[in-house]
Amino acid sequence: MPLPPKIDIDFTDAALIGTGGWSLLARMAQRTGLLDALGQSVRLKHRRRGASDAEMLWSLIASLAAGNGALSDLDALRADPAGQSLLGLNAAPSGRRLGEYLCRFGEADVTRLRAVAHRLARQVAPAIVEHGIKTQGYVPVFVDGTAIEVDGRLFEQARKGYNGEPQYWLHNVFLGGLWASGHLHPGGVDVARGWAEQLAELATLLPADTPVWVRTDNAYYRGTFVRYCAERGWDYSISVTHDNNRRPVLKQLEGLPERAWQDIGCGESATLVNHRPGGWQQQHYVVIRQLYDGPQRRLTPAYTVILVSRDDLPVDELVRRHRGKQGQENAFKGPLIDMDLHHPPCRRFHANQAFYACGQIAQLLLLAVQYEWLPDKARRHGLRLLIRYLMRSVARLVKTGRRYRLDFAKNNFRLDWLLHAAFQLE
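Residues numbered from 1 in each chain as written. Predicted model: local features only at pLDDT ≥ 70, side-chain atom pairs only at ≥ 80, totals over all residues. Heavy atoms only, no water.

Enquirer: Help me out: how do you make sense of the packing of aromatic side chains in this one?
Expert: Each aromatic ring pair is characterised by the separation of its centres together with the angle its planes make. In the structure shown here, the tally under the stated rule is 14 aromatic pairs. Taking 5.1 Å as the distance between ring centres and 65° as the angle between the ring planes, the aromatic pair formed by W195 and F225 counts as edge-to-face. One end of the pair, W195, is in helix 8 (residues 195-203); the other, F225, is in helix 9 (residues 223-232), and 30 residues separate them in sequence. This pair shows no difference in class: W195 is buried, exactly as F225 is. Aromatic ring contacts, followed pair by pair, group W195, Y220, F225, Y228 and W234 into a single cluster. (Phe/Tyr/Trp six-rings, centres within 6.5 Å; stacked < 30°, edge-to-face > 60°. Helix = DSSP H or I, 4+ residues; strand = E, 2+ residues; numbered from the N terminus. Buried < 20%, exposed > 50% of the residue type's maximum accessible area, 1.4 Å probe, protein only.)

Here is the structure:
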């Protein structure tokens, strides 16, 4: 039986902090010029009182990077002198003040904040591109959108979705694990709205002749999307799940001999067929056949259809490349879950757009730290572990003379990450 000892409770004046990773985040923000860009691009305050524009936004970005997605979490930062020192803040806003500040954003202000995020993405992307080409031979790109549900009836431009609940639409493009572009749209819009604009943003992050593989869901099964990728020289694969789109492809299987199917493991076999949708060029499709449901044989086979841009690769390689989409879907879920971005905090639409732009900046900073200052083995981990074991590292801030020193606790789980980062900074 556990026998907890009797503990006497006392308090200390030591500057302890549970988010010691903020020191790395702040150094990266300074190195990339993010703090200057925030101060120069967004100017909504008219009085020199309290936190400045840059301090308002930087407080939110740092809080989101630590996994704190509620505006009320800013109250804890405001009461934490050690955290403010690590982030270089002369003043920290309360959650209420920050909410009022976000509500001042207009469309032009959101555009300028997105430009700051895009500028940061251009600085982080080269490491992501290099890593993708080195490990896979191409750079994986994932395009998708998700519904952002809101509570109540007072959220501006929210509309009822397919489930009858009010919602917004968040459309994103991921370059590897990098949140390359993110746009929050009103509710009730096309499920693939704005993809051309976002892919144009992505193109500015890629050097010429970069091998790219774009992976999407059935929402992007449209001729304009396929032609756009083909004109750019990008490979692509699209899940075809709608029955009307699948039917003419599955018709191609009639009379197909058994030798045309190739075993791809896990009880599945696949084949490659051609089909020309109306108004399109002829396209290639991988059809995956599953004959068994566990140990039991199915009465009728189950088929999975994938549109692919190439037919010069083995069928199993085409399937493997497309199914890598699942890893990027997890990267998409990372900011929503680990930063608690599933719940927009403001009733004004442009305020929520600014909130999500700050979330994108926080994710970009975390990946910059991951690829620049952590060991190469740390690159396989997602956002959750970066927040849990890097940002939320326990430390003590000590000031001797005019210099600060941050002493990390030796019982931090990822002490090797912290040690490697310290060596890189030195």
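Enquirer: Help me out: how do you make sense of helix 13 (residues 349-373) in this one?
Expert: Residues that lie three or four places apart on an α-helix share one face, since the helix turns once every 3.6 residues. Between its terminal C-alpha atoms helix 13 stretches 36 Å, which fits the 36 Å expected from 25 residues at 1.5 Å a residue. Most of helix 13 sits out of view: 24 of its 25 residues are buried. (Expected span 1.5 Å × (residues − 1).)

Enquirer: Explanation requested: the environment of A147 in the structure shown.
Expert: By secondary structure assignment, the location of A147 is in strand 2 (residues 139-149). Residue classification places A147 among the buried positions, given a relative accessible area of 17%. In the structure, A147 is positioned 14 residues away from G161 in sequence and 8.0 Å away in space, judged by C-alpha atoms.

Enquirer: What is the right way to read the nonpolar core from this model?
Expert: Buried together is how nonpolar side chains tend to be arranged in soluble globular proteins. One finds W22, W58, F105, L113, L175 and W234 to be the most contacted residues of the largest nonpolar core, which totals 125 residues. Examining the composition of this core, we find that 17 residues originate from one element, helix 13, more than from any other. Not counting chain neighbours up to four residues away, the residues in contact with W234 comprise L199, L202, A203, L206, V212, V214, Y228 and C229. (Core = buried A, V, L, I, M, F, W, Y, C linked by side-chain atoms within 4.5 Å. Contact = heavy atoms within 4.5 Å.)

Enquirer: I keep staring at the environment of R232 and nothing clicks. Help me out?
Expert: Among the structural elements, R232 can be located in helix 9. In this structure the C-alpha to C-alpha distance between R232 and D209, which are 23 residues apart in sequence, comes to 9.4 Å. Here R232 is in contact with A200 and A203, once residues within four sequence places are set aside. Within polar-contact distance, the side chain of R232 engages the side chain of Y228 at 3.1 Å. (Polar contact = N/O pair within 3.5 Å; in protein donor to acceptor, adjacent residues only side chain to side chain.)

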